[in-house]
Amino acid sequence: MPLALLALAVGAFGIGTTEFVMMGLLPDVADDLHISIPTAGHLVSAYALGVVIGAPLLAALTARMSRRTVLIALMALFVAGNALSAFAPGYDSLLAARFLSGLPHGAFFGVGAVVATAMVPPERKARSVSLMFLGLTVANVVGVPVATLMGQHLGWRATFLGVSAIGLAAIASLALLIPRDRVAAPTTGLRGELAALRSLPVWLALGTTVAGFGALFAAYSYVTPMLTDSAGFAEGSVTVLLALFGVGATAGNLLGGRLADQSMRGTLFGGLASMVAVLLLFPLLMRSEWSAALAVALLGMAAFVTGSPLQLMVMEKAAAAPSLASSANQAAFNLANAGGAWIGGLALAAGFGVTSPAVAGAALAVLGLGVASVAHLVDRRREVASASVGRVVAAHVPEQSGALQH
């Protein structure tokens, strides 16, 4: 695999760290800015909103630019957003800075996935995407715990300065390792990129991402009360258990990349089916500490097996606009984050029990399987129709040739 993938992974590591670290810093930020924790929670939403808006917007606006230049510019915007977060004088300015930090997130992964697949043979495309995503999953194992500890001991502002430093390292890596001659700008332009998103298979692929990862976040958003109230863990143990989720996600990401190069559709269906099984078993597994720890790791693995095939599928369905479609998939991921958490919260509010969000997540995973099945049927029908047209054309060619000779 090209060394340039390391530069993409470093950027992904910084992005993953800043995205998830805010959850652990909410009490510190709330105390320092004299706001309530629910109000501080809007800082998480502001980042997600930035991702959803920035992913397709920035990808479309930079459609004619060199992808190497775009990646460096996006990471510079990321550094600026985190530096402004570190020096924000109050809540409103921090809210704006978090929104700014989220803007380049989706476009970086979207454009990065296109660059990664362009540097490897076709049979290694999924693995190249999984290696870029490796930075995101490792961030949950190393980056987020370390950044949280830094915030707790040195102040939350130091955390964002640290993340800014990671961003600067990513810029240097991108400038040194991403080749200039293999990331040429597309020629379709903004209108061509937008037109490519009108395809039904593209929207079905995006819908699978929303439902599939919505299943993950329906459960993961409420995994802490499950671990403490149902499994009986002390609150101080939760950080270590969440690192287990990151370990599972890292393993699932690497496994999914390797399997998807063999069978992209099969890996996707297998991952979603695994999600259904794991989430349905959650209420049972959360009855003891050892099985609850296993459940957290399995959840990360099952969810991230689907990451690479979903990203690659969206890119292939929008071949004329891979950067925009790939970035839109990241926006879909963050919609899944918000929507899944909301649906899991509804199950809790209805009084179905502390593990009920996992069952709600299983229902979303089943929905994801349904959408993926419809997408498969649409693809099969289009293949049959295309083959029929090809046979008709081939049947008329000899007649036309004979007429010309006569």
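Structural data are supplied above this passage.
Please read these numbers as outputs of a predicted model, since none were measured by experiment. Numbering of residues starts from 1 in each chain and follows the order in which that chain's sequence is written. Owing to the predicted nature of the model, reporting of local features is limited to residues with pLDDT of at least 70; listing and counting of side-chain atom pairs is limited to 80 or more, with chain, interface and lining totals taken over all residues. Hydrogens and waters are ignored; side-chain quantities use all the structure's heavy atoms.

Caption draft 1: Structural view of the overall build of the chain. Helices and strands together make up the secondary structure of the chain, namely 16 helices and zero strands. By definition in these notes, contact holds between two residues if any of their heavy atoms fall within 4.5 Å. Long-range pairs, those at least 24 residues apart, make up 84% of the contacts in the chain between residues at least 6 apart in sequence. Carbon and sulfur atoms make up 69% of the accessible area of the chain, which amounts to about 16900 Å² in all. Only DSSP runs of H or I reaching four residues or more are called helices, and only runs of E reaching two or more are called strands; each is numbered from the N terminus. Only the protein chains shown count as cover for residues, and the accessible areas themselves come from Shrake-Rupley with a 1.4 Å probe.

Caption draft 2: Representation of empty space enclosed by the protein in the model. With a 1 Å grid laid over protein atoms only, a set of points is called a cavity when a 1.4 Å probe fits there but cannot get out and a pocket when it is open yet has protein on both sides within 12 Å along at least five of seven lines; lining residues have an atom within 4 Å of a point. Grid points are joined across faces, edges and corners, and a volume is the space filled by probe spheres set on the points. Counted under the stated rule, the structure contains three cavities of 30 Å³ or more. Space inside the largest cavity adds up to approximately 140 Å³. When residues of the lining of the largest cavity are traced back to their parent elements, those giving at least two are α5 (91–118), α6 (125–154), α9 (200–220), α14 (307–317) and α15 (322–349). Of all the elements, α15 adds the most residues to the lining of the largest cavity, at three residues. Across the lining of the largest cavity, the residue classes break down as six nonpolar, six polar and one charged. Here the term charged refers only to Asp, Glu, Lys and Arg, the term nonpolar to Ala, Val, Leu, Ile, Met, Phe, Trp, Tyr, Cys and Pro, and the term polar to all other amino acids, Gly among them.

Caption draft 3: View of unusual backbone geometry. In this structure, histidine 34 is a non-glycine residue whose phi angle is positive, near 60°. The residue histidine 34 is located in the loop between α1 (4–33) and α2 (37–40) in this model.

Caption draft 4: Representation of the packing of α14 against α15 in the model. Simply put, an axis is a line fit to the C-alpha atoms, just over the touching stretch for a helix, and the angle between two N-to-C directions goes from 0 to 180 degrees. Orientation of α14 relative to α15, taken along the N-to-C sense of each, is 140°, at an axis distance of 8 Å. The element α14 and its partner α15 pack so that their crossing is right-handed. Across from Leu310, Gln311, Val314 and Met315 in α14, the residues of α15 making contact are Pro322, Ala325, Ser326, Asn329 and Gln330. Its residues assigned to classes, the contact of α14 with α15 shows five nonpolar, four polar and no charged. By the definition used in this description, the sense in which the near helix is turned from the far one sets the handedness, with an anticlockwise turn below a right angle giving left-handed and a clockwise turn giving right-handed.

Caption draft 5: The pattern of salt bridges, seen in detail. Within this document, salt bridges are pairs made up of a side-chain nitrogen of Lys or Arg and a carboxyl oxygen of Asp or Glu, the two lying within 4 Å of each other. Inspection of every chain in the model, using the stated rule, returns four salt bridges. Residue aspartate 261 is joined to arginine 127 by a salt bridge in which the shortest nitrogen-to-oxygen separation is 2.9 Å. In this pair, aspartate 261 sits in the loop between α11 (238–260) and α12 (264–285) while arginine 127 sits in helix α6, placing the two residues 134 residues apart along the sequence. Accessibility expressed as a relative area gives 17% for aspartate 261, which makes it buried. Overall, the relative accessible area of 17% leaves arginine 127 in the buried class. With its nearest N and O atoms 2.7 Å apart, the salt bridge here joins lysine 317 to aspartate 379. In this pair, lysine 317 is assigned in helix α14 and aspartate 379 in helix α16 (residues 356–405), connecting sequence segments 62 residues apart. Three or more residues joined by partner-sharing salt bridges are found here, namely Arg265, Lys317 and Asp379. Think of it in three bands: residues with accessible area under 20% of the maximum for their type are buried, residues over 50% are exposed, and the middle band is partly exposed, with areas taken using a 1.4 Å probe on protein chains only.

Caption draft 6: Inspection of a nonpolar patch on the surface at higher detail. The patches described consist of residues with a relative accessible area above 30% and no salt bridge, like charges being joined within 9 Å and nonpolar side chains (Val, Leu, Ile, Met, Phe, Trp, Tyr) within 5 Å. There is a patch of nonpolar side chains on the surface, built from Leu49, Ile53, Leu57 and Leu61 and spanning about 370 Å² of accessible area. Along the chain, leucine 61 turns up in helix α3 (residues 42–61).

Caption draft 7: Inspection of the environment of alanine 331 at higher detail. Positionally, alanine 331 belongs in helix α15. When its relative accessible area of 8% is taken as the criterion, alanine 331 is described as buried. As for alanine 331 and alanine 107, which are separated by 224 residues in sequence, their C-alpha atoms are 8.9 Å apart.

Caption draft 8: Structural detail: the nonpolar core. Among the nonpolar cores identified, the biggest contains 60 residues, and Leu216, Leu227, Met275, Leu279, Phe282, Met286 and Leu299 are the most heavily contacted of them. Ranked by the residues each element gives to this core, the list is headed by α9, at 10 residues. Contact partners of phenylalanine 282, with chain neighbours within four places excluded, come to Met226, Ala295, Val296, Leu299 and Ala358. Here, the term nonpolar core denotes a set of buried Ala, Val, Leu, Ile, Met, Phe, Trp, Tyr and Cys residues that are joined through side-chain atoms within 4.5 Å. Counting 37 residues, the second-largest nonpolar core is a separate cluster that includes Leu71, Leu74, Val114 and Met119.

Caption draft 9: Main features of the packing of α6 against α14. With their axes 9 Å apart at the nearest point, α6 and α14 run at an angle of 120° to one another. By the criterion of interaxial angle, the relationship of α6 to α14 is oblique. When you trace α6 past α14, the crossing you get is right-handed. Packed against α6, whose contacting residues are Lys125, Ala126, Val129, Ser130 and Phe133, the element α14 presents Gly307, Ser308, Gln311 and Leu312 at the interface. Taken together, the residues that form the contact of α6 with α14 break down as four nonpolar, four polar and one charged. Reported orientations rely on four angle classes, namely roughly parallel under 35 degrees, roughly antiparallel over 145, roughly perpendicular from 65 to 115, and oblique for the rest.

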